[in-house]
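Residues per chain, in single letters:
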Amino acid sequence: STKTKIANFEFDNCIMNAAGVLCYDKDELAKILNSAAGTFVTKTATLEPREGNPEPRYHDTRLGSINSMGLPNLGFDYYLDYLLELKKTHPKRTFFFSLVGMSQNDTHTLLRKVQESNFDGITELNLSCPNVPGKPQIAYDLETTEKLLTDIFSYFKKPLGIKLPPYFDLVHFDQAAAVFNKFPLSFVNCVNSIGNGIIIEDEKVVIKPKNGFGGIGGEYVKPTALANVHAFYQRLKPSIQIIGTGGILSGRDAFEHILCGASMVQIGTTLHKEGVSAFSRITSELKEIMEKKGYKSIEEFKGKLKYL
Ligand code: DHB
């Protein structure tokens, strides 16, 4: 089976959406709820609702996607209310709540509200949004990240993970892992989009915000995503699990993420292109690979990447 556990919660399937795709409102989230996905994560919520950047702000290409959404979302209360409703209708299931403040103060306000609420799922703090003009990706500044996590864990006692941007230097993996290992994180999620690429069609950029710069997803991203999953799998203490995100189009891609150390995998660009049937397709492709190789559970090959 493709069952998995994150933060001691059980999931029937290790495949889910990536934050930002098909998770903006209850209608979209209900589609994932009723699909083959093991769970869902909500669109990253801010304290107040946001319109996001001007359109066009998302564009698919043959090999992936580019986006500069700018954190459009319905606001913290909307997603919390829905997650609390689901506790009544689906009491045995666990969902992920993605959050980030527009300032450190806002982030603390959000996380204190989660701590004080009846939400008993998993919180994913997004330290890697590349698309809000003037706001750097938090996790590229490890001093800020360490201070933020120190303050958060002084009051936050529920399961918490962080969504990371891709890193590209082995020393940066060492430095980032040394910071994350100081904290009782449940997981790190590798990776968010490769920030600030440009895609050109007919001599023009394809999205409007920031004159065309945007986060890259899809096939372009898989080698970088696998490297980040495996680099953190090698460096983090075993209590910090890895969620693998980036370039998963097939069961083979999901298998490779798990081989690199992922306990759960998330689908972004492919879910946007294909809809929720991507979950059942990728799950059956993964199961077929496992069957051929004689693996009965993902534990049997998780992290067991072979070297030359
Ligand atoms: C957005 C994009 C991201 O990659 C992210 O992590 C959060 C928000 C966005 O543009 O909405």
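Residues numbered from 1 in each chain as written. Predicted model: local features only at pLDDT ≥ 70, side-chain atom pairs only at ≥ 80, totals over all residues. Heavy atoms only, no water.

Draft legend 1. Quick look at the overall build of the chain. Looking only at helices and strands, the chain features 9 helices and 15 strands. Taken over C-alpha atoms, the radius of gyration comes to 18 Å for the chain, in line with the 19 Å a tight globule of 308 residues would show. Structurally, the chain occupies a C-alpha span of about 50 × 50 × 45 Å along its principal axes. In the chain, buried positions account for 55% of the 308 residues. Look at the contacts in the chain between residues 6 or more apart in sequence, and 73% of them connect residues 24 or more apart. For the chain, the accessible surface area stands at approximately 13,700 Å², while carbon and sulfur atoms represent 52% of it. When the 36 basic and 34 acidic side-chain charges of the chain are each reduced to a single mean position, those positions are 4 Å apart. (Helix = DSSP H or I, 4+ residues; strand = E, 2+ residues; numbered from the N terminus. Rg over C-alpha atoms; globule rule 2.2 N^0.38 Å. Buried < 20%, exposed > 50% of the residue type's maximum accessible area, 1.4 Å probe, protein only. Contact = heavy atoms within 4.5 Å. Areas by Shrake-Rupley, 256 points an atom, 1.4 Å probe, with all protein chains shown as cover. Lys, Arg positive; Asp, Glu negative; His and termini not counted. Charge placed at Lys NZ, Arg CZ, Asp CG, Glu CD.)

Draft legend 2. Helix 3 (residues 104-116), seen in detail. Over its 13 residues, helix 3 runs 18 Å from end to end, which matches the ideal 18 Å to within 8%, given 1.5 Å per residue. Those residues of helix 3 that are buried are in contact with helix 2 (76-89), strand 6 (96-99), strand 7 (122-126), helix 4 (142-152) and strand 8 (160-164). (Expected span 1.5 Å × (residues − 1).)

Draft legend 3. Region of the structure containing unusual backbone geometry. The amide bond that connects E55 to the next residue, P56, takes the cis arrangement and shows omega of 0°. Assignment of secondary structure puts P56 in the loop between helix 1 (26-33) and strand 4 (58-61). Of note, the bond from C190 into V191 is cis; its omega dihedral lies within 30 degrees of zero at 10°. Within the secondary structure, V191 is located in the loop between strand 9 (187-190) and strand 10 (194-197). One non-glycine residue, N8, adopts positive backbone phi at about 70°.

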